[in-house]
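# Coordinate inspection notes
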Amino acid sequence: MSVWRALYRAYLRFDAHDGFAMAGYVAYSTFLSLFPFAIFFSALASVLIGPEDSRAAFDALFDLAPEHVAKTLLPALDEVLGRPRGGLLTIAGLGGVWVASNAAESVRVALDRAYGARKPRHFVVRRAVAIGFVLLSAVAFALVGFVIILAPLAIRLAESWFGFTPPGGIGPLRYAIGVASFAIFILIVNRLLPSGAPGLARLLPGVALSTVLWITAAGGFSIYLSYAPDYALTYGAFAGVIVTLLFFYL
């Protein structure tokens, strides 16, 4: 089968499963869930790695996002996270988990359509899986962010103990950790959320392609925005929101 024929068949399946509508559903749900999830993530990261490193870990997770998206979200997140709150088991924390689980459910719906799941799980099971996925994601993101923070220390130890200096310095190492973590996250999403996921061997090519497409989309979107700075004139005060939603949609 030629590459073009394979791509055409993929597009037909994407269209048959309402891929464009599902992308909008996932983008909207993810954007609504982002700030509640950030509240819970911040509280959890403060417990796991300490309040000082939790903010740095949060910043490190934006390395794979386009610059314009990061500049839009980080100031708003700083304002939200800068307000004093209680611990994890507050109304804000528990509400953040519940709202964030809606984003996981939107991904589950899209994946069930893509994988042709004939019988979705029971509502209680679906919601429990979505909440568990949010908790697992928060823990994983906190640990990954902490590992990225420790990358400079690892380089200094490698230089002092083995006389080895990674080519390019700390930047490529941090980026490689982020890409690898994202690929593992995509694999977990495809294995855990849908009601009937394919086997690991069938998922790996899609996970690799998804990772490449994400990096390509992030880079291409940043280039596009750098050459099209008039989006603020088109959307006014909502420009940052529209740009973020469009990136999630892509």
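Just so we're clear, the structure is a prediction, and the values are computed from it rather than from any experiment. For every chain, the first residue of the written sequence is number 1, and numbering continues from 1 along that sequence. A pLDDT threshold of at least 70 governs which residues receive local features in this predicted model, and a stricter bar of 80 or more applies before side-chain atom pairs are shown or counted, although totals over entire chains, interfaces and linings include all residues. Computation of side-chain values: all heavy atoms of the structure, hydrogens and water removed.

### Concerning the packing of helix α8 (residues 200-227) against helix α10 (residues 239-249)
For any two helices packed against each other, one specifies the crossing angle of their axes together with the interaxial distance. We apply this condition: Between the N-to-C directions of two axes lies an angle of 0 to 180 degrees, each axis being a line fitted to C-alpha atoms and, for a helix, fitted only over the stretch in contact. Numbering of helices and strands runs from the N terminus, with a helix taken as a DSSP run of H or I at least four residues long and a strand as a DSSP run of E at least two residues long. Each angle receives one of four descriptions, namely roughly parallel if under 35 degrees, roughly antiparallel if over 145, roughly perpendicular if within 65 to 115, and oblique otherwise. Note on convention: near helix rotated counterclockwise from far helix by under a right angle means a left-handed crossing. Clockwise means right-handed. For this analysis, residues touch if any pair of their heavy atoms sits within 4.5 Å. Residue classes follow a fixed rule: Ala, Val, Leu, Ile, Met, Phe, Trp, Tyr, Cys and Pro count as nonpolar, while Asp, Glu, Lys and Arg count as charged, and any other residue, Gly among them, counts as polar.
Where α8 meets α10, the axes come as close as 10 Å, and the angle between the chain directions of the two elements is 150 degrees. Classed by the angle they form, the pair α8 and α10 counts as roughly antiparallel. With respect to the hand of their crossing, α8 and α10 are arranged in right-handed fashion. Touching Trp-214, Ala-217, Ala-218, Phe-221 and Leu-225 of α8 are Val-243, Leu-246 and Phe-247, all from α10. Classifying every residue of the contact of α8 with α10 gives eight nonpolar, no polar and no charged.

### Digging into the nonpolar core
We apply this condition: Nonpolar cores are built from buried Ala, Val, Leu, Ile, Met, Phe, Trp, Tyr and Cys residues. Side-chain atoms within 4.5 Å join them into one set. The classification of residues rests on relative accessible area computed with a 1.4 Å probe and restricted to protein chains. Under 20% of the type maximum is buried, over 50% is exposed, and intermediate values are partly exposed.
Within the largest apolar cluster, 10 residues are counted, these being Phe-31, Leu-34, Phe-35, Val-69, Leu-73, Ala-218, Phe-221, Leu-225, Val-243 and Phe-247. Elements supplying a minimum of two residues to this core: α2 (19-49), α4 (67-81), α8 and α10. Residue contacts for Leu-34: discarding those within four places in its chain leaves Leu-73 and Phe-248. Within the second largest apolar cluster, eight residues are counted, among which are Phe-37, Phe-40, Phe-41 and Val-97.

### Let's talk about the side chain of Ser-29
Its location among the elements puts Ser-29 in helix α2. The exposure class assigned to Ser-29 is buried, which follows from its relative accessible area of 8%. What Ser-29 contacts, discounting residues up to four positions off in sequence, is Asn-102, Ala-103 and Ser-106.

### Observations regarding α10
As a reminder, the rule being used: This arc corresponds to the set of directions leading from the helix axis out to the C-beta atoms.
The complete set of buried residues in α10 reads Ala-239, Gly-240, Val-243, Thr-244 and Phe-247. The arc that holds every buried residue of α10, seen down its axis, measures 130 degrees, which confines them to one face.

### Concerning the environment of Leu-187
One can find Leu-187 in helix α7 (residues 170-192). Residues within four places of Leu-187 in sequence aside, it is in contact with Leu-200, Leu-203, Leu-204 and Val-207.

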